[in-house]
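Notes for the structure review
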Amino acid sequence: AADAVDNTILDLADNFAFTGTVTGAGGTPGLVHLSTSTLASDATEVVFNSLINTSTYTNYKIHAQGHTSADANVRAVFRDSSNADINTSGLYRGRIARTSSIADSSYITLLGGSVGYNGTEETGFTLDINLNLINQGSTNSIMPQLQGITQFVQNNGNPLVQHIGYTMRPSVATTAVAGIRFYPASGNFKAGSKFVLYGLA
């Protein structure tokens, strides 16, 4: 086989099937689909276990759209490599919208109010979240940051768009993030709700 080719002769505009390993071409920046969870039936949670790792990506994006079965907000907690919740008291510090005060909690609040109006007919929500694994390393050097935009119908029937921002407090965090779990404060996510996780290359 030839060791090199003359790029003035080889037409690379066609489609090629390679049986060996192509190296030296570099990666293509962009979103890399990692997982989609579409509920076939009602569920108390949606979980992405062992899919978040700084050795793979340091930035992730999450898109979700769905309904809740009850008049409740939506929450999230990170998970460790054993698929256990990371929910130490006061671990997450953040706020929803500019007017909301900063609060410490054992979970992340994604909707700053209760979704739900007229039963379960108008309880839709959408989430678009950026997750950045900043200083994800040793004890007291773990600072995952989550920012995003949420939209939902409040229990008074009014639509609401909010900005959210949370971080794991480095003075409290001692466990590296490996996954994330979403759940409504009460009730279930309705069938058809969809959560998608991407890595940002």
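Just so you know, these numbers come straight off a predicted model, no measurement behind them.

For the protein, the helix and strand inventory stands at 0 helices and 13 strands. The helix and strand sequence of the protein, counted from the amino end, reads β-β-β-β-β-β-β-β-β-β-β-β-β. Within the span of the protein, comprising 201 residues, buried residues form 35% of the whole. In the protein, 72% of the contacts between residues at least 6 apart in sequence involve partners at least 24 apart.

The sheet built from 8 strands is open, its strands ordered S1-S13-S3-S9-S10-S11-S6-S7 with antiparallel pairing. Unpaired on one side and paired on the other, strand S1 (31-38) and strand S7 (103-105) mark the two borders of the sheet. Taking each pair of neighbouring strands and ignoring which way they run, the sheet shows an average axis angle of 20°. The pairing of strand S10 (residues 143-153) with strand S11 (residues 159-168) spans 9 bridges and is classified as antiparallel.

Turning next to the nonpolar core. Counting 40 residues, the largest nonpolar core has Phe78, Leu110 and Phe182 as its most contacted members. With 5 residues, the single largest contributor to this core is strand S9 (residues 124-134). In contact with Phe78, not counting residues within four places along its chain, are Ala84, Asp85, Ile86, Tyr92, Ile108, Leu131, Pro144, Leu146, Met168, Val177, Gly179 and Ile180.

Turning our eyes to something else, we now look at the packing of aromatic side chains. Counted according to the given criterion, the structure contains 6 aromatic pairs. Consider the rings of Tyr57 and Tyr60, whose centres lie 5.9 Å apart with planes at 90°: the pair is edge-to-face. Classification of Tyr60 as buried rests on a relative accessible area of 1%. Ring geometry for Phe125 and Phe195: centres 6.4 Å apart, planes at 55°, overall tilted.

Right, let's get into the pattern of salt bridges. Evaluation of the coordinates by the stated rule reveals 6 salt bridges. One salt-bridge network, held together by shared partners, links Glu45, Arg79, Asp85 and Arg181.

With that out of the way, let us pick up the environment of Gln151. Along the chain, the position of Gln151 falls in strand S10. Among the residues examined, Gln151 registers a relative accessible area of 41% and is labelled partly exposed. The contacts of Gln151, once residues within four sequence positions are left out, are Gly124, Phe125, Thr126, Leu160 and Val161.

So, about the confidence of the model for the protein. Averaged over all residues, the pLDDT of the protein equals 84, while 82% of them reach at least 70. Note on residues 21-26: pLDDT under 50 across the span, and 0 contacts to partners over four residues away in sequence or across chains.

Okay, unusual backbone geometry next. A positive phi is found at Ser50, a non-glycine position, where the angle reads about 55°. Tracing the backbone shows Ser50 in the loop between strand S2 (46-48) and strand S3 (59-67). Accessibility expressed as a relative area gives 49% for Ser50, which makes it partly exposed. The phi torsion at Asn83 lies on the positive side, around 65°, for a residue other than glycine.

The rules we used
- Residues numbered from 1 in each chain as written.
- Predicted model: local features only at pLDDT ≥ 70, side-chain atom pairs only at ≥ 80, totals over all residues.
- Heavy atoms only, no water.
- Helix = DSSP H or I, 4+ residues; strand = E, 2+ residues; numbered from the N terminus.
- Buried < 20%, exposed > 50% of the residue type's maximum accessible area, 1.4 Å probe, protein only.
- Contact = heavy atoms within 4.5 Å.
- Pairing = 2+ DSSP bridges.
- Axes fitted to C-alpha atoms, helices over the stretch in contact; angles between N-to-C directions.
- Core = buried A, V, L, I, M, F, W, Y, C linked by side-chain atoms within 4.5 Å.
- Phe/Tyr/Trp six-rings, centres within 6.5 Å; stacked < 30°, edge-to-face > 60°.
- Salt bridge = Lys/Arg side-chain N within 4 Å of Asp/Glu carboxyl O.
- pLDDT = per-residue confidence, 0-100.

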